[in-house]
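Residues per chain are reported as follows:
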Amino acid sequence: MTATARLALTATLCAFAAPALAQEITINSFGGAYEEAHRKCVIDPFTAETGAKVNIVTAYSADAFAQLRAQKDAPQYDVIHFSGGQEIVGASEGLLLPVTEEMVPSLADLYDFAKAGVANGEGPAYQIAAVGLVVAADKVPSEPTKWADLMKPEYAEHLVLTNITNGYGMIGLLMLNQIAGGSGDDIQPGLDAVSQLLDAGAVVVSTSPEIQAEFAQNDAWIAPYASDYAFTLKKAGLDVKFIQGEEGTPASFITANLVAGRDNVELASKFIDKSLSPDAQACFSEALRYTPTNSKTVLTDEVAADVVYGADAAKGLMRFDPRVIEANRSAWTEAFAKTIAR
Amino acid sequence: MTDRRETWLFLLPGLALLVLGFVLPITRMLVLSVQGPDGFTTDQFARFFQDGFYPSILWRTVYLSAIITAVCAVIGFPLSYIMARSGPRVRLWLVIMVILPLMTSVVVRTFGWMVLLGRNGLIASTLRDFDLVGRSFQLMHTETAILLGMVQVLLPFMVLSLLGVIVRLDPRLEEAARTMGCSFLQTMRMVVLPLAAPGLLAGSILVFTLSASSFVTPALLGGPRIEVLAGSIYKNVTQTLDWNFAAAQAVILFAGIALLLVPYLRLGRRAHG
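All figures in this text were calculated on a predicted structure; none of them were measured in a lab.

So, about the overall build of chain B. Looking only at helices and strands, chain B features twelve helices and two strands. Order of helices (α) and strands (β) in chain B, N terminus to C terminus: α-β-β-α-α-α-α-α-α-α-α-α-α-α. Summarising its shape, the C-alpha atoms of chain B cover approximately 75 × 70 × 30 Å along the three principal directions. The buried share of chain B, reckoned over its 273 residues, is 33%.

What follows is the structure, given as structure tokens:
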């Protein structure tokens, strides 16, 4: 190879390599199967389209939010994902940057509930996780149909509750509280119900793998938990079914948020746009059974049966006000810990 | 003069690390624990002692750590003695066996215990086969489970501390004791144990402080209904974002451990002569 040819080759390589090297964003994902799907549905296609590198930090919502707050003066994330309503507090503290339809064109196609907070600076919801009753179909003598059935004594010894330090655990408690006559101002009825269930033999765990362990090894029948996790258990070979309680289906919104104070906003906005695209959402539903928020998303019948699909169905979802949860989280977590303490 | 400068040069990296990694964070933690919206406050400490809940968590942390330390010492002493008195090849294999648990991730190891201790685990199902326990019996989510998991993790610290001391003891001292009429157990009690005291002490301090500050194993094996203080601190830092209260709890844990360690260190000075 002549010197000129070598030079030309180097120059060509640089021309291709340079933008990819210059561009990278940092995001958080939730680990495990979620992160795998995240990679397949959003991150890899995004990298293929833009050539940008995506650094993934595995951190659950609460941990990620704690980091975001601690890094206030020198933020390290470009896009941060939350499943526990942390974006509301984040936006009010000025930690997030509002997105607009110019920056994120897919916003126009989202259902209204998924972009209700965008005007306040909160990121849009790119997925919905519905919470209902995860039931071991092969073991339970008669299937529950409503949330109130959780209180039936014959289930108690086979019931798995989740600590409210877990986002779905919090939603489960608030639903129990609601059917027991409580409200956002008063969760004592819910705590009393938990206390009654524990006395009758129910167990409490803190993380989702422990729920799997309870179902696989410890003869659990019912756990109030999310539809995506029911699917995880099904894939692990357990005969598990997701039942929506008659009283309603509370849901957790998973949002993609733009972090304030970072210099590659344009690229980060593109990443959020990718998360909201019908392709990415269909891919996520297919992989993990999350409910899509883009009205243009098309699902196969098999996938659609497992999620809340379509404008009308999505209207039936309910959301406990994350602001009320945030305002009370510390006090409730302490009260819950005291209730379950042995 | 050069000697002195060199001494400082050798000290500098360690000292810098100590200041950056220990003194500064601890100071920050102390400040956070008494910081309120309107300046200085002792509210966080008052909250800790307002009812029996948090003191009971502190008490559980202390007594579990003490039992874990004692169990490690009881298992670790004979093991280290046998290791010290066996040939180099056998000793090497024994050391590898003892430190092997440290080579797997704490979560993986703990999930192993979860399978064994659960409702349908080996232990519960065996006991059930003999009709000794009820259908819902399990060791998971009990203090016993925490004890088992922690002893497995912390035993190497005790054994290695003891091994370093016992291996240097002159075997002729034991022989002398035996020829003077001591039985094997008397030799252990009157010769080996007192001479191994510095190792026992160092191991105990390591095991005690490590178990008082660990939260992953207790959280998984004890479950959310049996909390330890380090777990409660972790929860306040990461979940409820109540850093001031977390700092206050950390100060109390720190003070508690320091309070227990001072007499222990005094004992150590005596043991060293």
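For the rest of this paragraph, the subject is the pairing of strand β3 (residues 79-82) of chain A. Residues and elements named next belong to chain A. Burial of β3 is two-sided: the residues V79 and H81 facing one way and the residues I80 and F82 facing the other way are all buried. Where β3 and strand β10 (residues 249-259) come together, four bridges link them in antiparallel fashion. Bridge pairing links H81 to A256 in β10.

For helix α5 (residues 106-117) of chain B, built from twelve residues, the straight-helix expectation of 16 Å at 1.5 Å per residue is met to within 8% by its first-to-last C-alpha distance of 16 Å. On the buried face of α5 of chain B, the contacting elements are α7 (208-217) of chain A together with α6 (122-129), α7 (143-166) and α10 (216-222) of chain B.

Next up on the list: the pairing of β10 of chain A. In the case of a regular strand, side chains alternate between the two sheet surfaces. Residue and element names in this part refer to chain A. The buried fraction of β10 amounts to eleven of the eleven residues, a majority that puts the element mostly inside the structure. Neither face of β10 is exposed, since T249, A251, F253, T255, N257 and V259 on one face and P250, S252, I254, A256 and L258 on the opposite face are all buried. As defined by bridge partners, strand β5 (residues 125-136) adjoins β10 across five bridges and the pair is classed as antiparallel. Each residue of the ladder has a partner; that of I128, found in β10, is F253. When β10 meets strand β12 (residues 317-318), the two strands line up parallel, connected through two bridges.

Turning our eyes to something else, we now look at the interface of chain B and chain A. With 23 residues of chain B at the interface, the matching set in chain A holds 23 residues. Listed by contribution, the elements that provide at least two residues to the side of chain B that touches chain A are α5 and α11 (229-238) of chain B. Sorting elements by how many residues they give to the side of chain B that touches chain A places α11 of chain B first, with three residues.

Let's shift gears to the confidence of the model for chain A. For chain A, the average pLDDT comes to 89, and 94% of its residues sit at 70 or higher. Counting contacts from residues 11-21 of chain A, a segment whose pLDDT is below 50, to residues more than four positions away or on other chains yields four contacts.

With that settled, the discussion passes to the confidence of the model for chain B. When the pLDDT values of chain B are averaged, the result is 91; 98% of them are 70 or greater. Per the prediction output, this complex has pTM 0.80; the corresponding ipTM is 0.84.

Let us now look at the nonpolar core. One finds V79, V134 and I272 of chain A to be the most contacted residues of the largest nonpolar core, which totals 100 residues. For this core, the domains that each give at least three residues are domain 1 (3-128 + 251-309) and domain 2 (130-250 + 321-340) of chain A. In this structure V79 of chain A touches I25, I27, A256, N257, L258, V259, A268, F271 and I272 of chain A, once residues within four positions along its chain are discounted. With 55 residues, the next largest nonpolar core counts F77, L139, M140 and L220 of chain B among its residues.

So, on to the environment of R342 of chain A. Take R342 of chain A: it is sitting in the segment after α13 (322-340). The contact partners of R342 of chain A, leaving out residues within four places of it in the chain, are R225 and I226 of chain B.

Take the domain arrangement of chain A next. Residue and element names in this part refer to chain A. Each assigned domain of chain A is listed with its residue range as follows: domain 1 (3-128 + 251-309) and domain 2 (130-250 + 321-340). Look at where the C-alpha atoms of domain 1 and domain 2 centre, and you get two points 29 Å apart. With 17 residues of domain 1 in contact, the opposing surface of domain 2 contributes 17 residues. Of all the secondary structure elements, the ones that give two or more residues to the side of domain 1 that touches domain 2 are α4 (86-92) and β10.

The rules behind these values
- Residues numbered from 1 in each chain as written.
- Chains lettered and ligands numbered in written order.
- Predicted model: local features only at pLDDT ≥ 70, side-chain atom pairs only at ≥ 80, totals over all residues.
- Helix = DSSP H or I, 4+ residues; strand = E, 2+ residues; numbered from the N terminus.
- Buried ≥ 20, exposed ≤ 12 C-beta atoms within 10 Å, placed from the backbone.
- Pairing = 2+ DSSP bridges.
- Expected span 1.5 Å × (residues − 1).
- Contact = placed C-beta atoms within 7 Å.
- pLDDT = per-residue confidence, 0-100.
- Core = buried A, V, L, I, M, F, W, Y, C linked by C-beta atoms within 7 Å.
- Domains from an automatic or database assignment.

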